[in-house]
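# Report on the structure
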Amino acid sequence: MGQKQSTVTETSVHVCEELGVHEYNNPPCDGGEVGIYSREPSGDYLKLPFLKDKLTIEYVHLSKVMFVMRGLPGSGRPIVVKHIKSIFEDAVVCSTSEYFMHSGRYDFDPHKLEEAKIFCQEKARNACEASTHVVVIDNTNMRKWEMKYYFKLAAETCYVIVIVEPWKFNMDELILRNHHTEDIEQLSLQLQQWESVIPLYFGWFLNEADSRMLKLVSLAHLEECLKIPEFEQDFKNFTHTSDMKDMLEYYLMPESCKEGMLHCTSKFCSFGDVPGSLEYTTSKDVLEACGLCYKLCLVGFIITPRTFGARVKLGSKELILWGQENDCPESLDLPPNTSYGRPFLHNNNYQNPIVNQSNKGKPWFPHCQATLVSSEKLEPSFHPTSGKGSRAHVTLGCAEGVKAVTTGYDLCEVIECEESPEVTSRSRTFALERGWLRDYGKSRWVLYMNRQITVKSLFTGCY
Ligand code: 2AM
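Being a predicted model, the structure only gives us computed values, none of them experimental.

Here the focus is the sheet that holds strand β5 (residues 134-137). One open sheet holds the 4 strands; their spatial order is β2-β5-β1-β6, and the pairing between them is parallel. Across the chains shown, the open sheet's two edge strands, defined by having one partner strand only, are β2 (92-94) and β6 (160-164). For this sheet the average axis-to-axis angle between neighbouring strands, irrespective of direction, equals 20°. Pairing of strand β1 (residues 65-69) with β5, which is carried by 4 bridges, proceeds in the parallel orientation. Within β5, the position partnered with F67 by the bridge is V136. Packed on one face of the sheet, helix α7 (residues 113-129) meets β1, β2 and β5 and runs near 155° to β2. Packing against the sheet, helix α8 (residues 145-156) makes contact with β1, β5 and β6, and its axis sits at approximately 170° to β1.

This part covers the packing of aromatic side chains. Applying the stated rule across the entire model yields 26 aromatic pairs. Here the aromatic rings of F100 and Y106 are separated by 6.3 Å at their centres, their planes lie at 65°, and the arrangement is edge-to-face. Judged by relative accessible area, which is 1%, F100 ranks as buried. Arranged with centres 6.0 Å apart and planes meeting at 35°, the rings of F301 and F308 form a pair that is tilted.

The next thing to look at is the nonpolar core. Residues L222, F231, F235 and F459 are the most contacted members of the largest nonpolar core, which totals 73 residues. Those residues within four positions of F459 in sequence are excluded, and the remaining contacts are F202, G203, W204, S266, Y280, V286, A289, C290, G291, L292, Y294 and L321. I57, V60, M69 and L458 belong to the second-largest nonpolar core, a separate cluster that totals 26 residues.

Inspection of every chain in the model, using the stated rule, returns 19 salt bridges. Note that E249 is salt-bridged to K245, the shortest N-O span being 3.4 Å. Between R426 and E422 there is a salt bridge; the shortest N-O distance is 3.5 Å. Placement of the pair is R426 and E422 together in helix α18 (residues 421-426), with a separation of 4 residues, close to one helical turn. Judged by its relative accessible area of 56%, E422 falls in the exposed class. Look at the salt bridges and you will find they share partners, linking R125, E129, K152 and E156 into a network.

To continue, consider the pairing of β5. Here β5 shows a buried face lined by V134 and V136 and a second buried face lined by V135 and I137. Where β2 lies against β5, 3 bridges are found, and the strand directions are parallel. Bridged to V92 within β5 is V135.

So, about the site of the ligand. Around the ligand sit Y201, S256, H263, T265, F268, Q324, H393, T395, A404 and V405, and that is every residue in its neighbourhood. Here an oxygen atom of the ligand sits 2.9 Å away from a polar atom, N or O, in the side chain of H263. Within the side chain of T395, one N or O atom sits 2.8 Å away from an oxygen atom of the ligand. Notes on the ligand: free accessible area 460 Å², of which the protein chains cover 82%. Broken down by secondary-structure element, the contributors of at least two residues to the shell around the ligand are β8 (263-268) and β12 (393-398). The dominant element in the shell around the ligand, judged by the number of residues it contributes, is β8, at 3 residues. Here the shell around the ligand is built from residues that sort into 4 nonpolar, 6 polar and no charged.

The next point concerns the side chain of S390. Mapped onto the elements, S390 comes out in the loop between β11 (373-377) and β12. You can call S390 buried: its relative accessible area is 7%.

This paragraph deals with helix α12 (residues 229-239). Within the sequence span of α12, burial applies to F231, D234, F235, F238 and T239. One side of α12 carries all its buried residues, which in axial view fall inside an arc of 115°. The elements touched by buried residues of α12 are α11 (208-225), α13 (244-248), β9 (292-303), β14 (435-439) and β15 (445-462).

What counts and how
Residues numbered from 1 in each chain as written. Predicted model: local features only at pLDDT ≥ 70, side-chain atom pairs only at ≥ 80, totals over all residues. Heavy atoms only, no water. Pairing = 2+ DSSP bridges. Helix = DSSP H or I, 4+ residues; strand = E, 2+ residues; numbered from the N terminus. Axes fitted to C-alpha atoms, helices over the stretch in contact; angles between N-to-C directions. Contact = heavy atoms within 4.5 Å. Phe/Tyr/Trp six-rings, centres within 6.5 Å; stacked < 30°, edge-to-face > 60°. Buried < 20%, exposed > 50% of the residue type's maximum accessible area, 1.4 Å probe, protein only. Core = buried A, V, L, I, M, F, W, Y, C linked by side-chain atoms within 4.5 Å. Salt bridge = Lys/Arg side-chain N within 4 Å of Asp/Glu carboxyl O. Near = heavy atom within 4 Å. Polar contact = N/O pair within 3.5 Å; in protein donor to acceptor, adjacent residues only side chain to side chain. Areas by Shrake-Rupley, 256 points an atom, 1.4 Å probe, with all protein chains shown as cover. Nonpolar A, V, L, I, M, F, W, Y, C, P; charged D, E, K, R; others polar. Arc of directions from axis to C-beta.

Now the structure itself:
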């Protein structure tokens, strides 16, 4: 790192911040060679779940994950990247610094910063478009805008993002790892540039193959419900459809989930606008859970004129991360004659991603595998979730113009019905092969499954 110092001029300080050039030739300061399975990891950063948790490592191997590294020189980035690479051998590491490496020598030119940035972005795009399991963005990424391109790329190519921030604020540690005085001055300068990143929401994210699988499984359940004449009639009424294909196409992927990746929200943060988001983002539980694999249990489906959702029964581990308020809007009654149907249904070439069968006959996702299974029998219960976390769900689809958040409201309303002896005494129940279908009135239907579905997921944020 001392050699590199001589190439850094006053004017290129900001350039270096962005590139993390001090760090590039400096891995020994972060601990040197550490064999991940041969001896205990030497730093806290090696306790990251995707480096040590067997289930998570297996799951990442089946999924598509983009690790976005953040950190000042000396923050431990190189060693974390090295470990990611040793565990996920096909990982593609993208860094602007690489652009300045020539025959093993670091040859920095501040005038070529833009080219270096484009080089890094293109490398990442190529890796994502080739569905590489693991893509690592290894830049300092001090400010939000520096990561924007990669967040968008991940959304477009169905990658789950995990932000990795080893030792982000520990100045003492950073100084220890940067031996030169000039570094310390520069470090404090850089430290001032650091921006906290709070996501739109946190949650458990299904991989691409599971998302697709769950959509198909849920449509199969909907199709079975449609065999009950009372349900079919009500569904036809509120969807203004009569043809089976149109009925199954009624629910669209919500705007917030355009590419079709499904998730179960644990905390909506609105990039920090929601009170308590910063506390949630920086809490020990959340920091430790980011990038950890969780098994979600799905116990039923709710079907209303507005939304179609899978009901999630959170276990004790997941409940620790539950940060959503339990309150719901007072009245969710539909105004009379409300139509959520799509009158243009027959007249356009709209391809509903929920039912689009264009992948038929081909391996769906050669780089991504589904983990969804129908598992053990459930005790018959008409209130499978209650209390904290009972609103947990996966939005599968919404009527046109309806926002995904509405699924949680519909579920709240259903839970209220389940808890009301007056409503339940009036409700009609129908037996199905897969469970029981119950009508709570006002076109609110719930399918209680007799077998739970389990699916693996990664806990992280949507940025
Ligand atoms: P969902 O959890 O029901 O799917 C982006 O809007 C995502 O955050 C959606 O998936 C949405 O709903 C979820 N979400 C949870 N609470 C929200 C809120 N209060 N406002 C908007 N979206 C919210």
